[in-house]
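One letter stands for each residue in the lines below.
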Amino acid sequence: MPTFNLFLDLITPCGEALQSDTRFRACKIFYDRTQDRRVSHDLMPAINYFLESPWDDVARGSGSSSLQRRTHTARLGFGVWVCDARDPARLDSQLFSISGDLFDFFWEHRLFNRSKGIVIGDSIRWDVDYTGDETGIVGSQKLSVEFQQIGG
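Below you will find a few notes about this structure.

What counts, and at which threshold
Residues numbered from 1 in each chain as written. Predicted model: local features only at pLDDT ≥ 70, side-chain atom pairs only at ≥ 80, totals over all residues. Heavy atoms only, no water. Salt bridge = Lys/Arg side-chain N within 4 Å of Asp/Glu carboxyl O. Helix = DSSP H or I, 4+ residues; strand = E, 2+ residues; numbered from the N terminus. Buried < 20%, exposed > 50% of the residue type's maximum accessible area, 1.4 Å probe, protein only. Patch = residues over 30% accessible without salt bridge, like charges linked within 9 Å, V, L, I, M, F, W, Y side chains within 5 Å. Areas by Shrake-Rupley, 256 points an atom, 1.4 Å probe, with all protein chains shown as cover. Expected span 1.5 Å × (residues − 1). Bend = angle between axes of the 7 residues up to and from the residue. Polar contact = N/O pair within 3.5 Å; in protein donor to acceptor, adjacent residues only side chain to side chain. Contact = heavy atoms within 4.5 Å. Phe/Tyr/Trp six-rings, centres within 6.5 Å; stacked < 30°, edge-to-face > 60°. Core = buried A, V, L, I, M, F, W, Y, C linked by side-chain atoms within 4.5 Å. Arc of directions from axis to C-beta.

**What about the pattern of salt bridges?**
- In the structure shown here, the tally under the stated rule is eight salt bridges.
- Residues Lys116 and Asp9 are paired through a salt bridge, measuring 3.5 Å at the closest nitrogen-oxygen approach. Within this pair, whereas Lys116 is found in the loop between strand 4 (111–113) and strand 5 (118–133), its partner Asp9 is found in helix 1 (residues 6–20), the two being separated by 107 residues in sequence.
- Judged by its relative accessible area of 9%, Asp9 falls in the buried class.

Structure representation (C-alpha cells):
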C-alpha cells in the first residue's frame, strides 16, 4: 500500500477539489486550524474544513498464514457558514443549497483518490446550528465525512 500522508493525501486535495468546483465559487474555502472553528462574518458564505478525531490506523490479520490488511480512517468536518441581516428564509435557502451541493460533491467523489486507495465512507453526519448577534442571523451546518484508505 502506498504511504498515507494525511495532510498531503487528504486535507490538501480536499481543499483543492472544493475550490475548483464551480458550485462553491461564492464561498471562501479554507482549512481551519483554530480551536473554536468559528468563521468571521466578513468571510461568509464560507466552508471551513478541519480534521476531527479520532482517526485510526488498523492492521487486521497476523502471522504467516493470513494476509495483513491495513486501513487508515480519518474524519473531516466541513462547516458551512452563512450570515443574513434580516431574512431567515433567505439564510436557510443559501445554507441548505450549499450543504446540498456538498453532499452531491462527496457522492460524486466516492472514490476520492484511486492511486492512494482513498474512498469516502457510506455515512455523512449533518449537524445544524443557528445563532443571532448584532450583525444578523448566522446559520452553520457541519457535515462530518469519513475517508478510508484501504490497502492490502
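**Things to note about a nonpolar patch on the surface**
- There is a patch of nonpolar side chains on the surface, built from Phe96, Trp126 and Val128 and spanning about 270 Å² of accessible area.
- Relative to the assigned elements, Val128 resides in strand 5.
- We classify Val128 as partly exposed; its relative accessible area is 45%.

**Things to note about helix 1**
- Given a rise of 1.5 Å per residue, 15 residues ought to cover 21 Å, and the 20 Å separating the end C-alpha atoms of helix 1 matches this to within 8%.
- Most pronounced at Pro13, the bend in helix 1 amounts to some 30°.
- Turning to helix 1, its buried residues number three or more, namely Leu6, Asp9, Leu10, Ile11, Cys14, Gly15 and Leu18.
- Regarding helix 1, its N-cap is Asn5, as a side-chain oxygen of that residue lies 3.0 Å from the backbone nitrogen of Phe7 further along.

**Concerning the side chain of Ser140**
- Tracing the chain through its elements places Ser140 in strand 6 (residues 136–150).
- Those residues within four positions of Ser140 in sequence are excluded, and the remaining contacts are Val80, Trp81, Leu95, Asp127, Val128 and Asp129.

**Observations regarding the packing of aromatic side chains**
- Counting across every chain of the model gives nine aromatic pairs.
- Note on Phe7 and Tyr31: the rings are 6.3 Å apart at their centroids and 70° apart in plane angle, and the pair reads as edge-to-face. In this pair, Phe7 sits in helix 1 while Tyr31 sits in strand 1 (residues 28–31), placing the two residues 24 residues apart along the sequence.
- Residue Phe7 is classed as partly exposed on the basis of its relative accessible area of 39%.

**Examining the nonpolar core**
- Counting residues in each nonpolar core, the largest one holds 29 residues, and the members touching the most others are Leu10, Ile47, Phe78, Leu102, Phe106 and Phe147.
- Those elements that provide at least two residues to this core are helix 1, strand 2 (46–60), strand 3 (69–84), helix 2 (88–108), strand 5 and strand 6.
- The dominant element in this core, judged by the number of residues it contributes, is helix 2, at six residues.
- Core analysis: the next-biggest nonpolar cluster, separate from the first, contains five residues, Val39, Met44, Ala46 and Trp81 among them.

**Considering the environment of Leu6**
- Structurally, Leu6 is set in helix 1.
- Between the C-alpha atoms of Leu6 and Thr73, which are 67 residues apart in sequence, the distance is 9.8 Å.

**Some words on helix 2**
- Counted at 1.5 Å a residue, the expected span for helix 2 with its 21 residues is 30 Å, and the 30 Å between its end C-alpha atoms agrees.
- Every buried residue of helix 2 is listed here: Leu91, Leu95, Ile98, Ser99, Leu102, Phe105 and Phe106. Looking straight down helix 2, one finds its buried side chains confined to an arc of 110°; they lie on one side. Residues of helix 2 that are exposed and point more than 90 degrees away from the buried face comprise Ala89, Arg90 and Trp107.
- At the N-terminal end of helix 2, a side-chain oxygen is found 3.1 Å from the backbone nitrogen of Ala89, two or three residues along, and the residue is Asp87.

**What about the environment of Gln94?**
- Locating Gln94 in the fold gives a position in helix 2.
- On the basis of relative accessibility, which here comes to 33%, the residue Gln94 falls in the partly exposed class.
- Between the C-alpha atom of Gln94 and that of Cys83, which follows or precedes it by 11 residues, the distance is 9.5 Å.
- Not counting residues up to four positions away in its chain, the partners in contact with Gln94 are Pro45 and Val82.

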